[in-house]
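Residues per chain, in single letters:
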Amino acid sequence: MAKPKIATTSLAGCFGCHMSILDIDERILELGQLVEFDKSPINDLKRFRGPVDVGLIEGGCCNEENVRVLQDFRRHCRVLVSLGDCAIMGGVPALRNMIPLKECLEEAFCHGVTLHNTNGRIPNDAEIPLLLDKVYPCHEVVKIDCFLPGCPPSADAIWEALLALLHGKPVELPYELIKYD
Amino acid sequence: MGESVGDFVRRVSHELGRNRSRLLELARAVQERYRYVSPEAMDAMARSMGVPRVEVEGLVSFYAFLSDRPQGRIVIRLSDNVIDEMKGAARVGAAFQEALGIGFGQTTADGLFTLEWTPCIGMSDQAPAALINHVVATQLSSDSARRIVEILRQDGSPEKVVRAFGFGDGNNGHDLVRAMVHNNIRQPGRVIFGHMAPGEALSKALAMSPVEVIRDVKTARLRGRGGAGFPTGMKWDFTRAAEGQRRYVICNADEGEPGTFKDRVILTERPDLMIEGMTIAAYAVGAEMGIIYLRAEYAYLRAFLEHVLEGRRRQGLLGRDIAGKKGFHFDIRIQLGAGAYVCGEETALISSCEGDRGDPKDRPPFPTDKGLLSHPTTVNNVETLCCVARILEHGPGWFSEEGSSQSAGPKLLSISGDCARPGVYEVPFGITLAEVLRLCGAEDAAAVQVGGPSGQMVGREGFGRRICYEDLSTGGAVMVFDGSRDVLWIVNKFLDFFIEESCGYCTPCRVGNVLMRERVQRIRAGRGEPSDLDYLRRLAQTVKTASRCGLGQTSPNPVLTTLDNFRGVYQSRVQQPTDGRRPAFDLEAALVEARAATGARPAVTPG
């Protein structure tokens with residue numbers, strides 16, 4: 001029987017959740033035995049090769065590209081997991097949600113005190129994804145099956161949750177592994 | 001002339017005895033005279049009433065009829081209740097905007113006019129309606145809106161508008177009322193609208209002991225007519241038994257539930273009966289002071305009510321040794337509200353009478369123990385007090401001949417909406433909805449909101465249900481909708497109302513109502529999913545359970561009762577997405593701001 005496949009991505013996150021995945025330490029070898037990685041920063045694979053069993057999403061959606069990647073994950077993954085607080089509720093990037101986008105951009109590109117921007121304009125380049133009006137948690141963009149809170153969720157929490165999902169068991173984490181900050 | 005704001009504030013606060021609990025009246029006086037409460041006025045008010053300035057500011061920001069920015073000499077407030085909108089309030093609003101050259105919430109450059117929307121002003125039987133300062137204008141059309149502005153421009157006097165359109169029936173033509181309001185009493189009954197001789201019920205009551213009076217009210221099984229249905233005799237018992245130096249009787253004439261207007265008709269046509277009931281209540285509980293809390297929208301009735309009170313004082317029916325009864329002293333003052341729905345809730349009403357923001361209070365202690373200024377207080381509805389007078393006049397048996405087992409006597413209904421004969425009906429408790437609809441000429445009704453937005457929405461299969469405390473409990477509002485009305489639009493409108501009127505004190509109500517409306521709007525826009533219905537129900541239950549006062553405890557009712565009774569409507573508007581995408585998320589809409597800020601880039605085709 002073929003190994004189950006997993007995929008991961010970081011949207012509007014800090015890669016802290018991915019660091020936490022790496023924090024499973026030597027169990028990464030066991031993970032390599034257990035699963036095959038599809039699209040993920042861990043193997044630097046840019047495109048899905050086929051259907052995947054479990055997709056882990058770090059970060060919420062702050063720009064157009066995030067949305068397209070997330071929708072791509074939804075299409076390919078049987079089970080989609082919001083990993084960490086940014087994916088679940090926007091997190092630190094969502095602090096900008098109280099400020100109109102135009103003001104954010106002007107502060108960043110036109111008025112910032114440490115800024116060097118000779119033309120004084122907000123960049124307009126096809127290579128730069130457009131920002132959304134606000135940062136959205138993943139479940140407002142696509143259907144999410146599981147939520148693993150924490151900033152970041154601990155390596156043990158990720159490990160236990162992943163094992164349960166791969167074995168088709170209910171995810172029942174002990175109290176100590178659930179963190180909401 | 002020559003009197004400064006500070007002088008004015010000092011003079012009026014002196015007249016009010018520098019009594020902190022009269023702060024709202026002071027604010028109203030300032031608003032009336034200067035058309036807003038300026039920062040200088042707030043300073044002066046705080047100083048002369050001896051309160052922190054922030055309390056004055058809090059008060060001004062709370063009430064819709066107080067403003068911290070200059071308003072026009074004439075403020076036109078157009079009612080935006082569901083019924084008004086059904087009857088064309090939008091067209092009237094557009095005509096006002098065009099004629100005045102301003103939008104809603106704006107004041108003309110010459111400082112003459114301010115135009116605003118306002119929640120229901122108690123005229124749903126003659127909608128669309130507006131307040132022009134204190135003057136009520138009813139059955140508006142775009143033509144009459146234009147004519148009103150013309151008259152006001154020429155003369156500057158709202159009273160001239162009424163003269164041009166003519167007075168309404170009954171006491172609406174009284175010299176002290178002069179309103180174009182119509183009573184629309186479609187079905188008078190023997191209890192509220194029967195013949196009345198002032199003083200008769202009172203003399204019978206005074207021949208008994210207070211305890212016997214309360215016993216009669218209990219025997220009649222009278223329950224509060226405001227909607228909650230608490231047994232009146234029991235409330236009086238508690239107030240009488242509570243410890244306190246003084247006791248108060250408050251008549252709740254803050255009829256703010258959208259779609260209700262029966263108290264307006266009582267106040268116009270049967271004020272004597274209500275005041276007589278209030279006097280009997282005072283005798284029963286041992287109160288010497290009473291307050292009629294009159295909603296600001298009914299300010300046009302104030303002079304008339306003062307006149308009735310004065311007449312009763314002259315007849316010895318108010319004041320000292322009332323009706324010859326040695327030692328029974330009682331008098332009443334009128335306290336005007338300032339445009340806050342939540343003040344209809346009794347603890348909020350008491351806060352308002354104390355000169356505070358109309359914030360509800362924690363219960364217990366209940367007002368019967370610690371009410372106005374911490375004295376035992378009974379708060380009774382206008383209609384309840386009328387019933388009291390009748391019970392004492394004709395006996396409890398006569399009163400409870402009508403009605404159902406747990407709901408004795410008659411009930412006044414305020415019927416509006418899609419029916420041939422909107423108006424006030426006195427009906428026996430226990431009447432079926434179908435019978436009510438037949439009475440008012442609404443055989444093709446598809447949905448009926450019983451009890452106002454905080455009540456229940458009933459569909460055709462529920463028309464056999466009865467209006468009484470044991471089934472469809474109501475303060476009297478019955479809004480009728482025919483098959484052409486969108487139930488979700490109505491729910492949306494009701495949530496708009498609750499969001500506007502929430503005092504903001506507790507989170508479930510302040511935030512929960514907004515989240516409910518967001519989800520209802522999502523469904524209305526065709527972006528809803530089946531799971532939204534569960535979400536709405538859970539959220540509604542949370543708001544209901546966790547809110548601090550009656551407003552938040554009932555504001556989810558439009559959502560909950562339509563989910564129960566109109567589930568098909570919701571289901572037909574939601575779709576299960578097949579690709580796992582949330583239909584509510586609109587990528588293109590989310591990118592509009594960025595495209596504008598960075599310089600328009602063509603939309604890429606979705607990949």
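Here the residue numbers are simple positions, counted from 1 along each chain's written sequence. Whichever chain is written first is A, and whichever ligand is written first is 1; the rest continue in order. Two thresholds apply to this predicted model, a pLDDT of at least 70 for residue-level local features and 80 or more for giving and counting side-chain atom pairs, whereas whole-chain, interface and lining totals are computed over all residues. Side-chain metrics rest on all non-hydrogen atoms present in the structure, leaving aside hydrogens and water.

> Which residues make up the overall build of chain A, and what are the values?
For the purposes of this entry, the term helix denotes a DSSP run of H or I that reaches at least four residues, the term strand denotes a run of E that reaches at least two, and both are numbered from the N terminus. For chain A, the count of helices and strands is 6 helices and 7 strands. Ordered by position in the sequence, the α and β elements of chain A form the string β-α-α-β-β-β-α-β-α-α-β-β-α. Each principal axis of the C-alpha atoms in chain A carries an extent, and together these give about 60 × 35 × 30 Å. When the 181 residues of chain A are sorted by exposure, 46% land in the buried category. Per-residue and other accessible areas were derived by the Shrake-Rupley procedure at a 1.4 Å probe size, with only the shown protein chains allowed to occlude residues. Of the roughly 9800 Å² that chain A leaves accessible, carbon and sulfur atoms contribute 56%. Only four residue types enter the tally: Lys and Arg on the positive side, Asp and Glu on the negative side, with His and both chain ends excluded. Charge positions come from single atoms, namely NZ of Lys, CZ of Arg, CG of Asp or CD of Glu. Computed over 18 positive and 26 negative side-chain charges, the separation of the two mean positions in chain A equals 7 Å. Burial classification: accessible surface area is computed with a 1.4 Å probe over protein chains only, and a residue below 20% of its type maximum counts as buried, one above 50% as exposed, and the rest as partly exposed.

> Tell me what's going on with the interface of chain A and chain B, and back it up with residues and numbers.
If you look at the interface, chain A gives 27 residues, while chain B gives 18 residues. Each of two parts loses accessible area, computed with a 1.4 Å probe, when they are put together; buried area is these two losses added. Across the chain A/chain B interface, buried area totals approximately 2000 Å², and carbon plus sulfur atoms make up 57% of it. For chain A, the biggest contributors to the area lost against chain B are Arg68(A), Asn124(A) and Leu130(A); these three give 28% of the whole. For this analysis, a polar contact is any N or O atom pair within 3.5 Å, provided that within protein one partner can donate a hydrogen and the other can accept it, and provided that sequence-adjacent residues contribute only side-chain to side-chain pairs. For the pair chain A and chain B, the interface holds 6 residue pairs in polar contact (both at pLDDT 80 or more). For the side of chain A that touches chain B, the secondary structure elements donating two or more residues are helix 3 (64-76), helix 5 (101-111) and strand 6 (131-136) of chain A. Looking at the side of chain A that touches chain B, the element that brings in the most residues is helix 3 of chain A, giving 6 residues. Ten residue types, Ala, Val, Leu, Ile, Met, Phe, Trp, Tyr, Cys and Pro, are classed as nonpolar, four, Asp, Glu, Lys and Arg, as charged, and the remainder, Gly among them, as polar. A per-class count over the side of chain A that touches chain B returns 15 nonpolar, 3 polar and 9 charged. Any pair of residues with heavy atoms lying within 4.5 Å of one another is described as a contacting pair.

> Can you break down the sheet that holds strand 1 (residues 5-10) of chain A residue by residue, with the values?
Across the sheet, which stays open at both edges, the 5 strands sit in the order 2-1-3-5-7 (chain A) with parallel pairing between neighbours. Of all strands in the sheet, those bounded by a partner on one side alone are strand 2 (36-37) and strand 7 (146-148) of chain A. Paired strands are those between which DSSP finds at least two bridges.

> Before we move on, can you summarise the nonpolar core with the specific residues and values?
Formed by 118 residues in total, the largest nonpolar core has its most connected members in Met274(B) and Leu392(B). Ranked by residues supplied to this core, first place goes to helix 13 (residues 271-285) of chain B with 10 residues. Apart from residues lying up to four places away in sequence, Met274(B) is in contact with Cys251(B), Ile266(B), Leu267(B), Ile292(B), Val382(B), Leu385(B) and Cys386(B). For the purposes of this section, nonpolar cores are sets of buried Ala, Val, Leu, Ile, Met, Phe, Trp, Tyr and Cys residues that join through side-chain atoms within 4.5 Å. Listed in part, the 29 residues of the second largest apolar core include Leu80(A), Tyr136(A), Ile144(A) and Ala594(B).

> Provide a residue-level description of the packing of aromatic side chains, including the pertinent values.
Residue and element names in this part refer to chain B. Planes of paired rings set the category: under 30 degrees apart is stacked, over 60 is edge-to-face and the rest tilted, where pairs are Phe, Tyr or Trp rings (Trp by its six-membered ring) whose centres lie within 6.5 Å. According to the stated counting rule, one finds 11 aromatic pairs over all chains in the structure shown. Ring centres 4.1 Å apart and planes at 5 degrees place the aromatic pair Phe104 and Trp117 in the stacked group. You can see Phe104 sitting in the loop between helix 6 (89-100) and strand 2 (106-107) and its partner Trp117 sitting in strand 3 (residues 113-118), a full 13 residues away along the chain. What makes Trp117 partly exposed here is its relative accessible area of 35%. A cation over an aromatic ring shows up here: Arg190 above the ring of Trp398, its NZ or CZ 4.2 Å from the ring centre. In our convention, an over-ring charge means Lys NZ or Arg CZ found within 6 Å of a ring centre and within 35 degrees of that ring's normal.

> An account of the sheet that holds strand 1 (residues 74-79) of chain B is requested, with residue identities and associated values reported.
Residue and element names in this part refer to chain B. Read across the open sheet, the 5 strands follow the order 2-3-1-4-5; overall the sheet is mixed. Here the strands that pair on one side only, and so sit at the sheet edges, are strand 2 and strand 5 (135-137). Where helices are involved, their axes are fitted lines through C-alpha atoms of the stretch in contact, as for all axes, and angles between N-to-C directions lie from 0 to 180°. Set on the sheet, helix 6 makes contact with strand 1 and strand 3; between it and strand 1 the angle comes to about 160 degrees. In the packing of helix 7 (residues 142-155) onto the sheet, contacts are made with strand 1, strand 3, strand 4 (130-132) and strand 5, and the angle to strand 3 comes to roughly 145 degrees.

> Hey, could you go over a negative patch on the surface for me, with residue numbers and the actual values?
A grouping of Asp23(A), Asp25(A), Glu26(A) and Glu30(A) is seen on the molecular surface, where their side chains present a negatively charged patch. Here Asp25(A) shows up in the loop between helix 1 (16-22) and helix 2 (27-34). Within this analysis, patches are made of residues with over 30% relative accessible area and no salt bridge. Like charges are joined at 9 Å or less; nonpolar side chains (Val, Leu, Ile, Met, Phe, Trp, Tyr) at 5 Å or less. A pair is scored as a salt bridge if a Lys or Arg side-chain nitrogen falls within 4 Å of a carboxyl oxygen belonging to Asp or Glu.

> Give a detailed account of helix 13 of chain B, specifying residues and quantitative values.
Each α-helix turn comprises 3.6 residues. Residues three or four places apart therefore point the same way. In this scheme, a helix's expected span is set at 1.5 Å multiplied by one less than its residue total. Compared with an ideal rise of 1.5 Å per residue, which puts 15 residues at 21 Å, helix 13 of chain B spans 21 Å between its outermost C-alpha atoms and is within 8% of the ideal. Trailing helix 13 of chain B by a residue or two, Gly286(B) shows a phi angle of about 85 degrees, which is positive.

> I'd like a description of the packing of helix 5 of chain A against helix 25 (residues 587-598) of chain B, backed by residues and values.
Between helix 5 of chain A and helix 25 of chain B, the shortest axis-to-axis distance is 9 Å and the interhelical angle comes to 40 degrees. When the axis of helix 5 of chain A is compared with that of helix 25 of chain B, the two are oblique. In the packing of helix 5 of chain A onto helix 25 of chain B, the handedness of the crossing is right-handed. Here Leu101(A), Lys102(A) and Leu105(A) of helix 5 of chain A lie close against helix 25 of chain B, whose contacting residues are Glu593(B), Ala594(B) and Ala597(B). Tallied by class, residues from the contact of helix 5 of chain A with helix 25 of chain B come to 4 nonpolar, no polar and 2 charged. Roughly parallel here means an angle under 35 degrees, roughly antiparallel means over 145, roughly perpendicular means 65 to 115, and every remaining angle is called oblique. What makes a crossing left-handed is the near helix being turned counterclockwise from the far one by less than a right angle; a clockwise turn instead makes it right-handed.

> Requested: an account of the environment of Val458(B), with residues and values cited.
Residues and elements named next belong to chain B. By the element assignment, Val458 lies in strand 14 (residues 456-459). For Val458, a relative accessible area of 1% puts it in the buried group. Expressed as a C-alpha distance, the spacing of Val458 and Asn565, which sit 107 residues apart in the sequence, is 6.3 Å. Each residue touching Val458, except ones within four places of it in the same chain, is listed here: Leu433, Ala446, Ala447, Val448, Val450, Phe463, Arg465, Leu472, Asn565 and Phe566.

> Break down unusual backbone geometry for me, citing the residues and quoting the values.
Keep in mind that most residues, glycine aside, have a negative phi and that most peptide bonds are trans. Of note, the bond from Cys151(A) into Pro152(A) is cis; its omega dihedral lies within 30 degrees of zero at -5 degrees. Residue placement: Pro152(A) occurs in the loop between strand 7 and helix 6 (155-166). With omega at -5 degrees, the peptide bond leading from Arg363(B) into Pro364(B) counts as cis. With respect to the element layout, Pro364(B) can be found in the loop between helix 15 (346-353) and strand 10 (377-381). The phi dihedral of Asp25(A) falls on the positive side, at around 55 degrees, and the residue is not glycine. Phi is positive for Asn184(B), which is not a glycine, with a value near 55 degrees. Mapped onto the elements, Asn184(B) comes out in the loop between helix 8 (158-165) and strand 6 (185-187). Assessed through its relative accessible area of 15%, Asn184(B) is described here as buried.

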